[in-house]
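Each chain, written out:
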Amino acid sequence: MNQDEDLSNTRSEDEKASFIVASSLPSSHLFEDLIPSADSSMIDVTHLFQQCAQQLTPEYAFLCHEEIHFNLYDAMAASQLGHEKMDCCQVPPYLTKTEEPYVFPRPPPTGLSSAFTTLLWDEWTEPQVLGFALQILVRLQALCTGASVGESTFTCLYAHAPVLQDMEDRLFPLEQALSEQWNLTNDDASKADTENKILSYHGTPQQFMIYVLSLSLSEITKIFRSIVHNADIYEEEDYVAQTYQIPLYTSRHQDIVAVFRTAMNVFQELSQVQAALGLVLSFLMGFYSSMAQLAKLSTNGILNQVQGVHAIVVKAVDALDLLLEQPSLESVSAPSMAFDPYVYRPRVGNTPVRQVRTVEPRQAIEMLRAITQEMDWSVCQLLLKANSLGRLRRMLQHISRKDVNILSRSLIVLNLYFDDLLLGQFSMVQWIWEDLLEWTAVLEDSNLHFLQTEHVHNFLQRLAKPIYDTLKLQTLNRNRHRAFMDVIMFPEWVSLQMEAQALDGHLCSEGHVQSSNPIFTQYTLVATLRLMVQYISVGFELDLYCSHDDIGFAYWYLDFLLSGLLTHLSAMKQNKDMARMEQRMKETKASTLNGSNKGNQRNKKKNQRQKNNVPETMPSYQPIPQDLEADFELSVIALKRNLCRGSLRFLAALQQAGILKERRHVFTSKERIFQERFRAFAGIRQPPPLVYEQYAQGSDFSTVTSEELHQSTCEWFLSCRRAVEHLHSTKLPSVDVDYAPIREIELKSLLKVCIGNNVYLLKLRQAMQDPKSLLSIRVEIETKTHDQFCTIKLS
Amino acid sequence: MTNNNNNNTIQTNTEDDAEIPGIRFVDYKDESQLEYVMSLVGRDLSEPYSIFTYRYFLHRFPELCILAVADDSPEPIACVVGKIDIEGVDETEQEQAENAEKTGYIGMLAVQEAYRRKGIGQALVHRILQRMKNMECRSVTLETEVTNTTAQKLYQDRFGFIREELLVRYYLNWNDAYRLRLWF
C-alpha cells in the first residue's frame, strides 16, 4: 500500500471497513472460542468503531491519522495491534535488549516545541554539537547506502521542515532579513560583496551550528534525491523514493553556500571542538558542492569544471581522513532526543518495516569517504580521460565491477550523454565510426567517402542508442544486468545484426567493401558476443551457478563465446594489420619514386629496385596506444578462454575419478536446466544458440584416460599462469591503467586461481594412487579468490 | 533418498512419494487448521506474515497446503504452503487466462525442530511439486535467504532447482535472497 497516495485520497463507501462480529460471544478469550460458528447471526459494529476512532486525538494516541477515517487497511492494522511482528509501532524485539530508554514513535515535530517533544535549543554544549555533527554524517551515510529518508534524514528531528523553519525564524528574524535585503538591493558595497557574503544571525554559535548541520543534511538529501531520480537507474536495493509525506525544507537562503561559508567562520568560536567540527563542515560543504556541480555540468569548458570538482572532492576526502584521526570521535555524543529512528513509523500503515540500521560514526565516516572518493575516480576521471568508445567501455566496465554507489552511478548516467554529445564533448556517431576503424581494415583515406554514404550514416545513427545502452548497462546494479540484457538488449542486437548484414550486402554490391570483409556485420556480431560473455560472467559473480553441472555448463558456453570473440577480433585485427602494411608499402613506394624523379644519377640501383617495385626501406610501424590496448584485450580474452577450458577439464577429471557425481532428479533433467539457463540466447541468430547435445559431446572426455586428462588440465592452467605473468610484466605497464582491460589486482587473483587449481590437481593425482582416499575427498568450488573463475579445492 | 551407484550418478528422489514411518501426510482441511500452520511457519520465519497472507494462500489454493502429522503428536508437526501464478497475466484475470503459463510458488515450508532430519521436509516438497506438475505448472519458484544453506541444499541438490536471480536486500533484515526455479 502506498501511504503517500492513500492518505491524500478521500474514501469511498466501499473502501471503509465493516466490522461484524457474532451476535453472541463466549466469555472465554481462547482463540478457538472466538471463531464464529457457521450458524451464528452476525452484528455490524462498524459504527461503534467509527465513534471510538472519532474520539481519539493525536494528544492521546500514536496511531491516529490526521484525518479520522478507517479503511480496510486500517482494519487489518488494527487486528494486528500488539503483535510483536506485525504491529509497526510495537517495540521491536531486537530493541528490548538495550538499556537505553526507548522513545516511542511520535508524529513528526511541528517546531522546536511541539505537543510531543521540546527539542533542545538553548542548552547545547560544544561536545553535544560535535556529537550531533557526527550523527548527521551517520544519517548521510545511511541515505547514500539505500535507507529511505524516513530511515535516515528524518530520524534527525532537527532536519524536519517545521523545525528548520523555526530555527531560521529565531536565527534570522524577519525584520533583520528585510533589512539585509534592503541593503543588498540598494547598497553598492553589499552588492559587490555577494560572493563572499557572510550572514549575520541572532543566537549562540552552538545554535547556528545545529541549524547549519541540520540544513546541510536536508539540502544534501534534496540534491541526492534529485540526482538519483533524474538518472532513473535506481532499484529498490539502492534507494527508496518514498518520503512518507514528510516534506523536505526549502530554505529562505537561496545560496546554501553562503550558509556554509558563514559556518566556516562561526565554528571557530567553539574552541573545545573546533578542529573536528571544522572538518565535518568542510566535508559537508565539499560533498554538497561536488554533487551540485557534477549534476549541472555544461559543455562549455567542461574539462575545467570537472577539474574544479576533482579538487573539491580531494579536499573533502582529506577532511574525512583528518576527521578519522580526531581523538574526540569516540568521546562525544548527541542528545538522544535529537534523533528518533521510528519517527516515520506511524505513516507506513500496517506494513512491517525493516530494521533501521545506523552504524557507528567512525564506520559512517569511512563509508562516506569511499562514496566521496568514487565521485573522483569514477565520475571525474571518466569525464576527463575517456576519449574513445573503446576506452569509455573499458573504464565503465571497471567502474561496474567495483560496485560503485548509486550516487556516482547516477552522476555518470546524467553526464554520459547530454546536449547531444557523449560525455558532453564528443559526437556519438563519430566515436562509433572510430571504434569501427580501430578493429576493421577500412583505410583511413576513404573515411570521408564512407561517411558520405547515406546508408552508412543512417546505420551509424541507428547504432547510437543500442551502443549507448551497452554503456548505460554498466551503471546498473550488477544483479540487474542479466534481466536488462535479456529483455532489452539481446532483441535489439538481433535486429541490428540483420540490418548490418543488409547494409554490408548493399556496400559490397556497390563496390565499397569486399564480401570477405563485412565490417558492419562483424561489428554487430562482436558487440553481441561481448554482451553474451557478460551475461554468463555476471552469473558467476552473483553465484548463480550452484552445482558442478551448472558451473560446467557455464564454463563450456563461455569458452564457446570467448573463442568466437577471439576469432573475430583477431581476424579483424589481422586484416587491419595487413591493410596497414599495404598502405605503408604504397607510401614508401611513392616516396621512393619522388626521390628518384629528382634526377639522382648515382642511384641506379635504386632505380633498378624501383623498376622491380621493391622499396628500399619500409619504416617500421610504431604502435599507437590504442593498438597496445587492443592487443592487450585480445590477450585477456585468450587467457579467460583458456581458464574456462582448464576449469572444465578439472571438473571432468573429478567426475571421471568418481568424486563429483552426476545428479538425476525426478522433476527435471540436465537437458532442461541447460535449455533454461541459456534461454536468453535462444533468439540470437549469430552466434547460433547451442543445445544440450552439443554440450554433451563437447564435454565428453570418456575416451580420454585420466592421465591424459590430468596432463591436459595441468597444461591449460600452466599456460594461463604464463599468460598472466606475461600480461602483468609486459602488457600492463605498456598501457594507461585507466584504459587497461584488466587491472593488476585482478591479474594477481587470476594467478592465484591458476596456481591453486594446479596444486589441487596434483592432490587429485596423488589421491588417485590410493583408491580408498578418493572416497573421503570433499570438493569445494569457491569464487572468493576471483569472482568469475573458481578455485576447485579438494580436502 | 540418495543412491550412490557405480555409474557415478546420484538418484536424488524416488519416483513414488516416500513414506516415513510414524508420519502421515494430510491435506489442509479448513480454517480450524489455520492456527497450526501459522504457529509452525511463524516460529521460524524472520519475515512476518499477517493472518491475511495465510488466508490468501489457504483459501485460494487449499490443495497446495499439505500437513505432516506425527503419530506421537496431536498437532501437525510440519507443513508446506504454495500457490499457482499465471505469469504475464494480472491476478484479476487469471481465471480467464486459459493458455497462459502457470508457475507454482512455494511460499512456506516449516518442520518442527524435534522432527527435523527425518526427510519430512523433503517429502512435503516432493508432494507439492508433484501436485503442481499435475496442475500443469511449467516451473516452480521460491525465494530463500542466501545464508539459508539448508534450504538451498534441499531445493538445489535434491530437487534440481537452479538459482535464477539474486535479490539484493530482499528481506526486512536487509539480507539478500536467491530466487530459485525448477523447470519441469
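As recorded in an unreviewed UniProt entry, chain B goes by the name N-alpha-acetyltransferase 30, listed as coming from Fistulifera solaris. UniProt's Sequence similarities (unreviewed entry) comment on chain B is quoted here verbatim: "Belongs to the acetyltransferase family. MAK3 subfamily."

Within an unreviewed UniProt entry, the label attached to chain A reads Protein MAK10 homolog, and the organism entered is Fistulifera solaris. The UniProt entry for chain A carries the following text under Sequence similarities (unreviewed entry): "Belongs to the MAK10 family."

Novice: Break down the overall build of chain A for me, with residues and values.
Specialist: Each helix and strand counted, chain A has 28 helices and seven strands in total. By the burial criterion, 51% of the 795 residues in chain A qualify as buried.

Novice: Can you break down empty space enclosed by the protein residue by residue, with the values?
Specialist: Residues and elements named next belong to chain A. This model, assessed by the stated rule, comprises one cavity of 30 Å³ or more. Its boundaries defined by the atoms lining it, the largest cavity holds a volume of some 30 Å³. Forming the walls of the largest cavity are S400, D403, V404, R409, Q474, L476, N477 and R478. For the lining of the largest cavity, the per-class residue count stands at two nonpolar, three polar and three charged.

Novice: Before we move on, could you go through the domain arrangement of chain A and cite the residues and values that matter?
Specialist: Residue and element names in this part refer to chain A. The domain architecture assigned to chain A consists of domain 1 (113-177 + 197-373), domain 2 (386-544) and domain 3 (625-794). One C-alpha centre belongs to domain 1, the other to domain 2; they are set 40 Å apart. Counting from both sides, the interface comprises 23 residues of domain 1 and, opposite them, 22 residues of domain 2. On inspection of domain 1 and its partner domain 2, the count reaches three salt bridges. For the pair domain 1 and domain 2, the number of links is seven residue pairs in polar contact (both at pLDDT 80 or more). Mapped by element, the contributors of at least two residues to the side of domain 1 that touches domain 2 are α9 (205-231), α11 (274-294) and α12 (302-324). Top element by residues in the side of domain 1 that touches domain 2 is α9. It accounts for five residues.

Novice: Mind laying out the packing of helix α26 (residues 706-734) of chain A against helix α27 (residues 744-767) of chain A, listing which residues take part and the relevant values?
Specialist: All names here are of chain A. Contact geometry of α26 with α27 gives a least axis separation of 9 Å together with a crossing angle of 160 degrees. It follows that α26 is roughly antiparallel to α27 by the angle criterion. Crossing handedness for the pair α26 and α27: left-handed. Taken together, the residues that form the contact of α26 with α27 break down as 14 nonpolar, six polar and six charged.

Novice: An account of the pattern of salt bridges is requested, with residue identities and associated values reported.
Specialist: Under the definition given, this model contains 44 salt bridges over all chains. For K222(A), the salt bridge goes to E219(A), with nearest N and O atoms at 3.3 Å. Taken together, the positions of K222(A) and E219(A), both in helix α9 and three residues apart, correspond to about one turn of that helix. Classification of E219(A) by relative accessible area gives buried; the value is 8%. For the salt bridge of D543(A) with R163(B), the shortest nitrogen-to-oxygen distance reads 3.7 Å. Here R163(B) lies in strand β8 (residues 162-167) and D543(A) lies in the loop between α20 (519-541) and α21 (548-597), a pairing that spans two chains. Its relative accessible area of 9% is what places R163(B) among the buried residues. Put simply, R391(A), R394(A), R530(A), E629(A) and E633(A) are held in one network by salt bridges that share partners.

Novice: Can you tell me about the interface of chain A and chain B, naming the residues and giving the values?
Specialist: With 39 residues of chain A in contact, the opposing surface of chain B contributes 43 residues. Scanning the region where chain A abuts chain B turns up two salt bridges. At the boundary of chain A and chain B, one finds eight residue pairs in polar contact (both at pLDDT 80 or more). Within the side of chain A that touches chain B, the residues separate by chemical class into 12 nonpolar, 11 polar and 16 charged.

Novice: Any details on the sheet that holds strand β3 (residues 23-27) of chain B? Residues and values, ideally.
Specialist: Residue and element names in this part refer to chain B. Here seven strands make up an open sheet; going across it, the order is β3-β4-β5-β6-β7-β9-β8 and the pairing mixed. Looking at which strands have only one partner, the edges of the open sheet turn out to be β3 and β8. With strand direction ignored, the average angle separating the axes of adjacent strands in the sheet is 25 degrees. In the sheet, strand β6 (residues 102-111) pairs with strand β7 (residues 139-145) via three bridges, with the strands oriented parallel. Looking at the pairing, G104 lines up with V140 of β7. Across the sheet, helix α1 (residues 34-44) lies against β4 (65-70), β5 (76-86) and β6, angled at about 90 degrees from β5, the strand it touches most.

Novice: Tell me what's going on with the environment of T144(B), and back it up with residues and numbers.
Specialist: All names here are of chain B. Relative to the elements of secondary structure, T144 occurs in strand β7. With 33 residues separating them in the primary sequence, T144 and A177 have C-alpha atoms 5.3 Å apart. With near-sequence residues (within four places) excluded, T144 lies in contact with A151, Q152, Y171, A177, Y178 and L180.

Novice: Kindly report on the confidence of the model for chain B, identifying the contributing residues and their values.
Specialist: Residues and elements named next belong to chain B. With 83% of its residues at a pLDDT of at least 70, chain B reaches an overall mean of 86. Per-element averaging of pLDDT across chain B places strand β1 (residues 3-4) at the bottom with 34 and strand β9 (residues 177-183) at the top with 97. The low-confidence segment residues 1-7 (pLDDT under 50) makes 13 contacts with residues lying over four places distant or belonging to another chain.

Novice: Any chance you could break down the side chain of E676(A) for me, citing the residues and the numbers?
Specialist: Here E676(A) shows up in helix α24 (residues 670-677). A relative accessible area of 8% means that E676(A) is categorised as buried. Within the structure, the side chain of E676(A) is placed 2.7 Å from the side chain of R679(A), a separation counted as a polar contact. When near neighbours in sequence (up to four residues on either side) are disregarded, E676(A) contacts R138(B) and W183(B).

Novice: Before we move on, could you go through the nonpolar core and cite the residues and values that matter?
Specialist: In terms of nonpolar packing, the biggest core is built from 225 residues, with F132(A), Y158(A), F520(A), I536(A) and F681(A) touching the most fellow members. If we ignore the near neighbours within four places in the chain, the residues touching F681(A) are F490(A), M532(A), Y535(A), I536(A), Y557(A), L561(A) and P689(A). Counting 39 residues, the second-largest nonpolar core is a separate cluster that includes I20(B), I106(B), Y178(B) and L180(B).

Novice: Residue-level account of helix α18 (residues 454-473) of chain A, with values.
Specialist: Residues and elements named next belong to chain A. Taking 1.5 Å of rise per residue, 20 residues should cover 28 Å, and α18 covers 29 Å from first to last C-alpha, within 8% of that figure. A maximum bend of about 35 degrees is found in α18 at A464, where proline P466 lies one to four positions downstream. Burial in α18 covers these residues: V456, F459, L460, L463, A464, P466, I467, Y468, D469, T470, L471 and L473.

Novice: Tell me about the packing of helix α23 (residues 625-656) of chain A against α27(A), and please be specific about residues and values.
Specialist: Residue and element names in this part refer to chain A. Two elements in contact, α23 and α27, have axes whose closest approach is 12 Å; the angle formed by their N-to-C orientations is 25 degrees. The angle between α23 and α27 falls in the class roughly parallel. Handedness of the α23/α27 crossing: left-handed. The residues of α27 that touch α23, namely those facing L639, K640, L643, F650, A653 and L654, are E746, L750, C754, N757, Y760, L761 and L764.

Novice: Hey, could you go over the state of the cysteines for me, with residue numbers and the actual values?
Specialist: A covalent bond between the sulfur atoms of two cysteines is what we call a disulfide. Residues and elements named next belong to chain B. Within the structure shown, the criterion is met by zero disulfides over all chains. Distance from the sulfur of C79, which forms no disulfide, to the nearest cysteine sulfur (C65) is 5.8 Å. Taking the relative accessible area as the measure of exposure, C79 reaches 0% and is therefore buried.

Novice: Report on α11(A), specifying residues and quantitative values.
Specialist: Here α11(A) is 21 residues long and its end C-alpha atoms lie 30 Å apart, about the 30 Å a rise of 1.5 Å per residue gives. By the criterion of burial, α11(A) is predominantly enclosed, with 15 of the 21 residues buried.

Conventions and cut-offs
By convention here, each chain's residues receive numbers from 1 onward along its written sequence. Each chain gets a letter, beginning with A, and each ligand a number, beginning with 1, in the order they are written. Where totals are concerned, whole chains, interfaces and linings use all residues; where local detail is concerned, this predicted model gives features only for residues with pLDDT of at least 70, and gives and counts side-chain atom pairs only at 80 or more. Side-chain calculation: all heavy atoms of the structure are included, whereas hydrogens and water are not. UniProt positions are given in the numbering used here, feature names are shortened, and annotations may be inferred rather than shown by experiment. Going along the chain from the N terminus, every DSSP run of H or I of four or more residues is numbered as a helix, and every run of E of two or more is numbered as a strand. We call a residue buried when its accessible area falls under 20% of the maximum for its residue type, exposed when it is over 50%, and partly exposed in between, using a 1.4 Å probe and counting protein chains only. Only protein atoms enter the calculation, which uses a 1 Å grid: trapped sets of points that fit a 1.4 Å probe without letting it out are cavities, open sets showing protein on both sides within 12 Å along at least five of seven lines are pockets, and any residue with an atom within 4 Å of a point is a lining residue. Grid points are joined across faces, edges and corners, and a volume is the space filled by probe spheres set on the points. The nonpolar class holds Ala, Val, Leu, Ile, Met, Phe, Trp, Tyr, Cys and Pro. Asp, Glu, Lys and Arg form the charged class, and all remaining residues, Gly among them, are polar. Residue ranges assigned to each domain were obtained from an automatic or database domain assignment. Throughout, a residue-residue contact means that at least one pair of heavy atoms, one from each residue, lies within 4.5 Å. For this document, the term salt bridge refers to a Lys or Arg side-chain nitrogen within 4 Å of an Asp or Glu carboxyl oxygen. By the criterion applied in these results, polar contacts are pairs of N or O atoms within 3.5 Å in which, for protein atoms, one can donate a hydrogen and the other can accept it, and in which residues neighboring in sequence qualify only through two side-chain atoms. Comment: axis = line fitted to C-alpha atoms, over the contacting stretch for helices; angle = value between 0 and 180 degrees taken between N-to-C directions. Here the word oblique covers every angle except those under 35 degrees (roughly parallel), over 145 (roughly antiparallel) and from 65 to 115 (roughly perpendicular). Left-handed describes a crossing whose near helix is turned anticlockwise from the far helix by less than a right angle; the clockwise case is right-handed. Two strands are counted as paired when DSSP detects at least two bridges linking them. The quantity called pLDDT is the predictor's confidence in a given residue, expressed from 0 to 100. Take the buried Ala, Val, Leu, Ile, Met, Phe, Trp, Tyr and Cys residues and link them wherever side-chain atoms come within 4.5 Å; each set so joined is a nonpolar core. One less than the number of residues in a helix, times 1.5 Å, gives the span that helix is expected to have. The bend at a residue is defined as the angle formed between two axes, one fitted to the seven residues ending at that residue and one fitted to the seven starting there. Two cysteine sulfur atoms form a disulfide, by the criterion used here, when they sit within 2.5 Å.

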